[in-house]
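Report on the structure
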Amino acid sequence: MKALEIVFWISVFVVFYTYIGYGIVLWVLVKVKETFRPRKEPRMPDELPEVTLFVAAYNEERVVDEKMANTRSLDYPADRLKVVWVTDGSDDSTNRRLEAYPEVEIFFQPERQGKTAALNRGIEFVETSLVVFTDANTMLNREAIREIVRCFSDPTVGCVAGEKRIAVRRLDGAAAGGEGLYWKYESALKRLDWRLYSAMGAAGELFAVRRGLFERMENDTLLDDFVLSLRIVQKGYRIAYCDTAYAIEGASSDMKEEQKRKVRICAGGLQSIGRLRPLLNVFRYGVVSFMFLSHRVLRWSLTPLLLFLLLPVNAALAFSGSPLYITFLALQLAFYAAALGGYYLATRAIRNKYLFVPYYFLFMNVNVIRGFCYLRKKRGSGSGAWEKAKRA
């Protein structure tokens, strides 16, 4: 029984710390730091540098015109903004539609090898010192490029992570509501990470790097944005989090499509832990190791296992008659019941944000387990190509 109690309390601590405790610790550390060293906002350079807007796209004919209209609306001098599309493997009308825009450089090869391979190939055609990566189906705010350039005025910044926002309509279901809440929470953590030292990774919808710091990735890399940005941190630079530069994207069309996306992300997270394991060397990376472990590694590895272990261990302890363990068990069962209610409503397209939260939380953690299975299945394939999730 003593061993079960130890497992239970360790599990409670790790789950609480991963999803709530780390945010509290981070907030306290930021407040202490900024008490002694107030933040300095970066200044816009006197002369705006040339920037390349880089889009890796596969069969995006549906959004080409909207994306290019958005690109043309950006508040950045046209003669300082290069636009590159790498469309490897596309067999729809993506390339034909892009030909209507003379400012676009199109780089295409018939073979589809995945997004990471497209990035590795396309970067060779980039000549500007700054590269802004974005997805074809995400729209940027008008000031995005200027705000990103402002962040690079700090020479310690090697990468700038823009903010990802999910367009949630009033009638959207669990996929949109859950994903939208998750990204608000994630954005808050990234903002605190940056204020302490460095954001822990960038999202592919909008991020930028110094061209000279781009490091070719293995073609089977699933989270190219995360691996690329953290390898820049390994080089001694920081990732700035810029919430005044944001990308708006539609949510997954339903939970089945959201599952495809989450499984790939979780598999990519597990894969990236191995490829970025030097960052866990606290003697070399100090606070970065603490942040990487707390914000990323636990969430993609140990914590989901302990979360699902809590229920049977708690049930076993409750048989002792302890009011404490009986109360914990009742709370857990109530949480799982609420998640089940959220699932039931989601399958019937009935919106209830209170029940969608526990449902989406468990959904995310289940997909870490699925991600492990996906990674084992895909191991050795050598390709980073995957089936895209449909967006609303």
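Residues numbered from 1 in each chain as written. Predicted model: local features only at pLDDT ≥ 70, side-chain atom pairs only at ≥ 80, totals over all residues. Heavy atoms only, no water.

Let us now look at the overall build of the chain. A tally of regular secondary structure across the chain gives 13 helices and 8 strands. Here the chain, with 392 residues, has 52% of them falling under the buried criterion. Of the contacts made within the chain by residues no fewer than 6 positions apart, 79% connect residues no fewer than 24 positions apart. Here the chain displays about 18,500 Å² of accessible surface, and carbon together with sulfur accounts for 59% of that area. Distance between charge centres in the chain, computed from 55 positive and 42 negative side chains, equals 6 Å. (Helix = DSSP H or I, 4+ residues; strand = E, 2+ residues; numbered from the N terminus. Buried < 20%, exposed > 50% of the residue type's maximum accessible area, 1.4 Å probe, protein only. Contact = heavy atoms within 4.5 Å. Areas by Shrake-Rupley, 256 points an atom, 1.4 Å probe, with all protein chains shown as cover. Lys, Arg positive; Asp, Glu negative; His and termini not counted. Charge placed at Lys NZ, Arg CZ, Asp CG, Glu CD.)

Let us look at the environment of D193. Position of D193 relative to the elements: it lies in helix α6 (residues 174–196). Residue class for D193 comes out buried when judged on its relative accessible area of 0%. When the C-alpha positions of D193 and L26 are compared, they lie 7.2 Å apart, and in sequence the two are 167 residues distant. Residues in contact with D193, not counting those within four places in the same chain, are Y22, L26, S198, A199, M200, M291 and H295.

We now examine a nonpolar patch on the surface. There is a patch of nonpolar side chains on the surface, built from F16, I20, I24, W27, V28, V32 and F36 and spanning about 740 Å² of accessible area. Mapping W27 onto the fold places it in helix α1 (residues 2–36). (Patch = residues over 30% accessible without salt bridge, like charges linked within 9 Å, V, L, I, M, F, W, Y side chains within 5 Å. Salt bridge = Lys/Arg side-chain N within 4 Å of Asp/Glu carboxyl O.)

Considering soluble globular proteins, one finds that nonpolar side chains tend to be buried as a cluster. Counting residues in each nonpolar core, the largest one holds 94 residues, and the members touching the most others are F54 and F133. At 8 residues, the largest contribution of residues to this core is made by α1. Listed in part, the 11 residues of the second largest apolar core include A57, V64, V83 and W85. (Core = buried A, V, L, I, M, F, W, Y, C linked by side-chain atoms within 4.5 Å.)

Another aspect to go through is the pattern of salt bridges. Taken as a whole, this structure holds 23 salt bridges when the rule is applied. One salt bridge in this structure joins K164 and E205, with 3.2 Å as the shortest N-O distance. Remark: E205 occurs in the loop between α6 and β7 (206–210) and K164 occurs in strand β6 (residues 157–167); sequence separation between them is 41 residues. On the accessibility criterion, E205 (10% relative accessible area) is buried. The closest approach of N and O atoms between E218 and R231, which form a salt bridge, is 3.4 Å. Taken together, the positions of E218 in the loop between β7 and α7 (224–234) and R231 in helix α7 put the pair 13 residues apart, joining distant regions of the chain. For R231, a relative accessible area of 9% translates into the label buried. Through salt bridges that share partners, E163, R165, R191 and D243 make up one connected network.

Counted according to the given criterion, the structure contains 20 aromatic pairs. Where W9 meets Y325, the ring centres are 6.2 Å apart and the plane angle is 50 degrees; that geometry is what we call tilted. A residue pair is termed long-range when its members are at least 10 positions apart, and W9 in helix α1 and Y325 in helix α12 (residues 323–347) qualify at 316 residues. The class of Y325 is buried, set by a relative accessible area of 6%. (Phe/Tyr/Trp six-rings, centres within 6.5 Å; stacked < 30°, edge-to-face > 60°.)

Bringing empty space enclosed by the protein into the picture now. Per the counting criterion, the structure on display carries 1 cavity of 30 Å³ or more. Considered as a void within the structure, the largest cavity measures approximately 50 Å³ in volume. Lining the largest cavity are F54, V55, A56, K115, L119, F133, T134, D135, G204, F207 and D224. Contributions of two or more residues to the lining of the largest cavity are made by β1 (51–56), α4 (115–122) and β4 (130–134). If you tally residues by element for the lining of the largest cavity, the top one is β1, at 3 residues. (1 Å grid on protein atoms, 1.4 Å probe; cavity = no way out; pocket = protein on both sides within 12 Å on 5 of 7 lines; lining within 4 Å. Points joined across faces, edges and corners; volume = space filled by probe spheres on them.)

So, on to the packing of α1 against helix α10 (residues 287–300). Direction vectors running N to C along α1 and α10 enclose 155 degrees, while the axes themselves pass 10 Å from each other. When the axis of α1 is compared with that of α10, the two are roughly antiparallel. Crossing angle aside, the handedness with which α1 passes α10 is left-handed. Across from V14, Y17, T18, Y19, Y22, V25 and L29 in α1, the residues of α10 making contact are F290, M291, S294, H295, L298 and R299. Taken together, the residues of the contact of α1 with α10 break down into 9 nonpolar, 3 polar and 1 charged. (Axes fitted to C-alpha atoms, helices over the stretch in contact; angles between N-to-C directions. Parallel < 35°, antiparallel > 145°, perpendicular 65-115°, else oblique. Left-handed = near helix turned anticlockwise from the far one by under 90°. Nonpolar A, V, L, I, M, F, W, Y, C, P; charged D, E, K, R; others polar.)

A few words now on the pairing of β1. Within β1, 6 of the 6 residues are buried, which leaves the element mostly enclosed by the surrounding structure. Here β1 shows a buried face lined by V51, L53 and V55 and a second buried face lined by T52, F54 and A56. Pairing of β1 with strand β2 (residues 81–86) involves 6 bridges; the strand directions are parallel. From the neighbouring strand, V55 faces β2, where its bridge partner is W85. Taken together, β1, helix α2 (residues 64–72) and β2 form a β-α-β motif whose crossover is right-handed. (Pairing = 2+ DSSP bridges. Right-handed = clockwise from strand over helix to strand, strands pointing away.)

This part is about the pairing of β2. Across the 6 residues of β2, 5 count as buried, placing the element largely inside the fold. When β2 meets strand β3 (residues 104–107), the two strands line up parallel, connected through 4 bridges. The partner of V83 across the bridge, within β3, is V104.

Let's shift gears to the sheet that holds β7. In space, the 8 strands of this open sheet follow the order β3-β2-β1-β4-β7-β6-β8-β5, with mixed pairing throughout. Here the strands that pair on one side only, and so sit at the sheet edges, are β3 and β5 (139–140). Along the sheet face, α4 touches β1, β2, β3 and β4 and points at about 150 degrees away from the line of β1.

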